[in-house]
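# Observations on chain architecture
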Amino acid sequence: QVRLVESGGGLVQAGGSLRLSCVASGSIFRINAMGWYRQAPGARRELVADITTGGSSIYADSVKGRFTISRDNAKNTVYLQMNSLKPEDTAVYYCNADLYGSDQILAPYWGQGTQVTVSS
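These notes cover the structure that comes with them. Quick caveat: nothing in here was measured; it's all calculated off a predicted structure. (Residues numbered from 1 in each chain as written. Predicted model: local features only at pLDDT ≥ 70, side-chain atom pairs only at ≥ 80, totals over all residues. Heavy atoms only, no water.)

Bridging between strand β9 (residues 91–101) and strand β10 (residues 106–110) involves five bridges; their strand directions are antiparallel. Each residue of the ladder has a partner; that of L99, found in β10, is A107. Here β9 hands over to β10 after four residues, with Q104 in that stretch at a positive phi of 65°. (Pairing = 2+ DSSP bridges. Helix = DSSP H or I, 4+ residues; strand = E, 2+ residues; numbered from the N terminus.)

Pasting the structure below:
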């Protein structure tokens, strides 16, 4: 069973920083892209950042220049460094990975989410 487990969320004041981590474990053959999504109350889940195995990354316009995504392939881990946080960043943040399981099938997997709350 493949699992993604996030950590690092919490409550922070505007202008502060948080670092999220996500570790993938289980019957994994190969991980392709990994990323972070978020969902605010009443809103659609949206892409925050995504990174390939080679380190190429993309960001939502709203977080460019403030957030940095990175990964450690040897540890099956993806990170999201969040700086200059704004109240608009408040959301549940979900880790995502496109990976091949032991069955050789490529499929998306999701973590259960971690709450990030930014106060004014």
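This part takes up the packing of aromatic side chains. In this description, a pair of aromatic rings is defined by centroid distance and the angle of the planes. As enumerated under the stated definition, the model contains one aromatic pair in all. With a centroid separation of 4.9 Å and 65° between ring planes, the pair formed by Y37 and W110 is classed as edge-to-face. Of this pair, Y37 sits in strand β4 (residues 28–39) while W110 sits in strand β10; the two residues are 73 residues apart in sequence, bridging distant segments of the chain. On the accessibility criterion, W110 (37% relative accessible area) is partly exposed. Across from the ring centre of Y94, 3.7 Å away, lies the NZ or CZ of R45, which sits over that ring. Taking the ring centre of W110 as reference, the NZ or CZ of R45 above it sits at 4.8 Å. (Phe/Tyr/Trp six-rings, centres within 6.5 Å; stacked < 30°, edge-to-face > 60°. Buried < 20%, exposed > 50% of the residue type's maximum accessible area, 1.4 Å probe, protein only. Lys NZ or Arg CZ within 6 Å of the ring centre and 35° of its normal.)

Here we come to the state of the cysteines. Using the criterion set out here, one finds one disulfide in the structure. The disulfide bridge from C22 ends at C95, spanning 2.1 Å between sulfur atoms. Looking down the S-S bond of the C22 and C95 bridge, the torsion is -85°, so its handedness is left-handed. Here C22 is found in strand β3 (residues 18–25), whereas its partner C95 is found in strand β9, with 73 residues between them in sequence. (Disulfide = S-S within 2.5 Å.)

One non-glycine residue with positive phi stands out, namely N76, at about 50°. Overall, the relative accessible area of 26% leaves N76 in the partly exposed class. The backbone of Q104 sits at a positive phi, close to 65°, despite the residue not being glycine. Within the secondary structure, Q104 sits in the loop between β9 and β10. The exposure class of Q104 is partly exposed, given its relative accessible area of 47%.

This part covers the side chain of N96. Tracing the sequence through the fold places N96 in strand β9. For N96, a relative accessible area of 3% corresponds to the buried category. Among the polar contacts listed, one links the side chain of N96 to the backbone oxygen of Y109, at a separation of 3.3 Å. Beyond its immediate stretch of four places on either side in the chain, N96 contacts L4, A33, M34, G35, Y37, P108, Y109 and W110. (Polar contact = N/O pair within 3.5 Å; in protein donor to acceptor, adjacent residues only side chain to side chain. Contact = heavy atoms within 4.5 Å.)

Core analysis: the biggest nonpolar cluster contains 28 residues, and W36, V48, F67, V78, L80, M82 and Y93 have the highest contact counts within it. Residue contributions to this core peak at five residues, all from β9. Not counting chain neighbours up to four residues away, the residues in contact with M82 comprise G16, S17, L18, L20, R66, F67, Y93 and V116. (Core = buried A, V, L, I, M, F, W, Y, C linked by side-chain atoms within 4.5 Å.)

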